[in-house]
Amino acid sequence: MKRRSKHSFPTKYMLLILSGLCVLIMFVSFTLNLSGGPLNTVAGYVFTPMQKGINSVGNWFVSRADELKSLKNVTKENEELQAQVDELTAELNTVKLEQYELDSLRELFQLDQKYPSYKKVAARIIGSDSSNWFNTFVIDKGTKDGIEKDMNVIAGSGLVGIVIDVGPNYAKVRSIIDDANNVSGMTLSTTDRCNVNGNLESMNENQVIEFSNLKCDENVIGPGEQLVTSNISDKYLEGILIGYISSIKRDSNNLTYSGTVTPAVDFKHLQEVLVILDKKQSAK
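Here goes a summary of the coordinates provided. (Residues numbered from 1 in each chain as written. Predicted model: local features only at pLDDT ≥ 70, side-chain atom pairs only at ≥ 80, totals over all residues. Heavy atoms only, no water.)

**A short note on the pairing of strand S7 (residues 193-197)**
Side-chain direction in a regular strand flips from residue to residue, so the side chains alternate between the two faces of the sheet.
So, point 1. Taking every second residue as pointing to the same face, the buried face of S7 carries Cys194 and Val196, while none of Arg193, Asn195 and Asn197 on the other face is buried.
So, point 2. Of the strand pairs in this sheet, strand S6 (residues 182-187) and S7 are connected by 5 bridges, and their pairing is antiparallel. Bridged to Val183 within S7 is Val196.
So, point 3. Between S6 and the antiparallel strand that follows it, S7, lie 5 residues; Thr191 among them carries a positive phi value of about 60°.
So, point 4. Pairing of S7 with strand S8 (residues 209-214), which is carried by 3 bridges, proceeds in the antiparallel orientation. (Buried < 20%, exposed > 50% of the residue type's maximum accessible area, 1.4 Å probe, protein only. Helix = DSSP H or I, 4+ residues; strand = E, 2+ residues; numbered from the N terminus. Pairing = 2+ DSSP bridges.)

**Quick look at a negative patch on the surface**
So, point 1. Together, Asp179, Glu201, Glu205 and Glu210 line one region of the surface with negative charge.
So, point 2. Locating Asp179 in the fold gives a position in the loop between strand S5 (171-175) and S6. (Patch = residues over 30% accessible without salt bridge, like charges linked within 9 Å, V, L, I, M, F, W, Y side chains within 5 Å. Areas by Shrake-Rupley, 256 points an atom, 1.4 Å probe, with all protein chains shown as cover. Salt bridge = Lys/Arg side-chain N within 4 Å of Asp/Glu carboxyl O. Lys, Arg positive; Asp, Glu negative; His and termini not counted. Charge placed at Lys NZ, Arg CZ, Asp CG, Glu CD.)

**Thoughts on the pattern of salt bridges**
So, point 1. According to the stated counting rule, one finds 4 salt bridges in the structure shown.
So, point 2. Here Arg124 makes a salt bridge to Glu272, at a shortest N to O gap of 2.2 Å. In this pair, Arg124 is assigned in strand S1 (residues 120-128) and Glu272 in strand S12 (residues 272-276), connecting sequence segments 148 residues apart.
So, point 3. Take Arg124: its relative accessible area is 33%, and that puts it in the partly exposed class.
So, point 4. Assessed through its relative accessible area of 9%, Glu272 is described here as buried.

**What to know about the pairing of S8**
So, point 1. The pairing of S8 with strand S11 (residues 257-263) spans 4 bridges and is classified as antiparallel. Counterpart to Ile209 in the pairing with S11 is Val261.

**Some remarks on the sheet that holds strand S2 (residues 136-139)**
So, point 1. Within the closed barrel, the 6 strands sit side by side as S1-S2-S5-S4-S3-S12. Their pairing is antiparallel. On average, each strand axis in the sheet is tilted by 45° relative to the strand beside it, whichever way the strands run. (Axes fitted to C-alpha atoms, helices over the stretch in contact; angles between N-to-C directions.)

**Digging into the state of the cysteines**
So, point 1. Applying the stated criterion across every chain, the model contains 0 disulfides.
So, point 2. The thiol of Cys194 is not disulfide-bonded; the next cysteine sulfur, from Cys216, is found 9.3 Å away.
So, point 3. Judged by relative accessible area, Cys194 falls into the buried class, the value being 2%.
So, point 4. Classification of Cys216 by relative accessible area gives buried; the value is 14%. (Disulfide = S-S within 2.5 Å.)

Following this line, the structure appears as structure tokens:
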């Protein structure tokens, strides 16, 4: 950085002196009615650069004003474009939501066709507990729609759970992943029976629930095997898909197997379900 010389003359004083000199020359010229000659020469040297400087300053201000006007126009255009983007985004979200609901309804239709022998009613989920999973939830159909306690609930590709409470226009459902739920299941290929237990901890960790007490021949059942509700279940109708075995191991007694099951239903994104109006007939 350059240091200012001790003998440098401040610019503001220089401008003040030049301004005074200009005023003095103008006064003398006007008073003595002088024209041409030395004064014109002095004026040429003094006023011409000043006029150029004034013009430059004026042009600078005009340019800045034009830029400011352009900036305001650009800002307005950006605001209009942002409004259009927001509107299009809202429309796109609506289309996505409608598509998701359409896909969900299509799944319900396909599921209805999968179990044609059962009479069903469609219902929408209107409330759930505070967990990450739909382990217990409320639907918008009740006794007025023919729903009763212990009726089976399905969605997606298989079993969701069972009705545990019902009112005139609502019903509460406990799903198969809930800790308090237990389903009698069987392997689809061999009809070997087991117990399927809800487990929210394993759902949070690996998106699986557990099965136990499976009696089968060695190496007959492996990962990928389908588990369905068994014929001896006291509340669940037979043959509804529960899920797929994801891991299996022999128990310490060397007689039974246990492991984990990946549910057939997406318990994080449930919206609509089907309630089967046929109930399991208990043996008397």
